[in-house]
Amino acid sequence: FRQNYAEGSSISGYEMEDIVWFGTDNEEESMKIHMQYAVPLSFGCQTVETGMIARQFADGIIGLVEHDGNAVLDMMHDA
């Protein structure tokens with residue numbers, strides 16, 4: 001994928017997919033109880049940043065949107 005921004009910055013990388021669920025710190029409990037609500041999630045893995053994005057102080061960004069295919073909404077509907 002590649003995303004260009006109005007001020008000239010850009011990001012690019014690969015799109016991947018995995019399954020996700022929300023659980024607890026107890027891995028065994030999460031696997032037994034919460035994994036039944038797992039949903040597929042597509043996400044980008046950035047490999048290149050340019051411009052202002054490359055110079056900003058940030059250690060990670062996750063964006064979740066409210067449209068069909070949203071992992072959080074899918075899990076809520078399945079619960």
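The text that follows walks through the structure, step by step, so that each part is easy to find.

1. Describing the sheet that holds strand β3 (residues 39–50)
Argument step 1. Taking strand neighbours across the sheet as the criterion, the three strands line up as β1-β2-β3 in an open arrangement whose pairing is antiparallel. Two strands lie at the open edges of the sheet, namely β1 (2–4) and β3, each paired on one side alone. For this sheet the average axis-to-axis angle between neighbouring strands, irrespective of direction, equals 35°.

2. A word on the pairing of strand β2 (residues 10–20)
Argument step 1. In terms of strand pairing, β1 meets β2 through three bridges, oriented antiparallel. The residue bridging N4 from the neighbouring strand is S10, located in β2.
Argument step 2. What sits between β1 and β2 in their antiparallel hairpin is a turn of five residues, with G8 showing a positive phi close to 110°.
Argument step 3. Direction of pairing for β2 relative to β3: antiparallel, over a ladder of 11 bridges. Residue pairing across strands places M16 opposite F43, the latter belonging to β3.

3. Topic: the side chain of S10
Argument step 1. Mapping S10 onto the fold places it in strand β2.
Argument step 2. Separated by 3.4 Å, the side chains of S10 and R2 make a polar contact.
Argument step 3. Within the structure, the side chain of S10 is placed 2.8 Å from the side chain of T50, a separation counted as a polar contact.
Argument step 4. Setting aside chain neighbours within four positions, we find S10 in contact with R2, Q3, N4, Y5, V48, E49 and T50.

4. Focus on the pattern of salt bridges
Argument step 1. Scanning the entire structure with this criterion turns up one salt bridge.
Argument step 2. Residues E28 and K32 are paired through a salt bridge, measuring 3.5 Å at the closest nitrogen-oxygen approach. Taken together, the residues E28 and K32, both in helix α1 (residues 27–34) and four residues apart, mark about one turn of the helix.

5. Structural notes on a nonpolar patch on the surface
Argument step 1. On the surface, a nonpolar cluster with roughly 320 Å² of combined accessible area is contributed by Y14, M16 and F43.
Argument step 2. In this fold, F43 is placed in strand β3.
Argument step 3. Judged by its relative accessible area of 34%, F43 is partly exposed.

6. Observations concerning the environment of R55
Argument step 1. The topology assignment puts R55 in helix α2 (residues 52–55).
Argument step 2. Classification of R55 by relative accessible area gives exposed; the value is 65%.
Argument step 3. Linking R55 and S9, residues 46 residues apart in sequence, is a C-alpha distance of 10.0 Å.

Each value, and the rule that gives it
- Residues numbered from 1 in each chain as written.
- Predicted model: local features only at pLDDT ≥ 70, side-chain atom pairs only at ≥ 80, totals over all residues.
- Heavy atoms only, no water.
- Pairing = 2+ DSSP bridges.
- Helix = DSSP H or I, 4+ residues; strand = E, 2+ residues; numbered from the N terminus.
- Axes fitted to C-alpha atoms, helices over the stretch in contact; angles between N-to-C directions.
- Polar contact = N/O pair within 3.5 Å; in protein donor to acceptor, adjacent residues only side chain to side chain.
- Contact = heavy atoms within 4.5 Å.
- Salt bridge = Lys/Arg side-chain N within 4 Å of Asp/Glu carboxyl O.
- Patch = residues over 30% accessible without salt bridge, like charges linked within 9 Å, V, L, I, M, F, W, Y side chains within 5 Å.
- Areas by Shrake-Rupley, 256 points an atom, 1.4 Å probe, with all protein chains shown as cover.
- Buried < 20%, exposed > 50% of the residue type's maximum accessible area, 1.4 Å probe, protein only.

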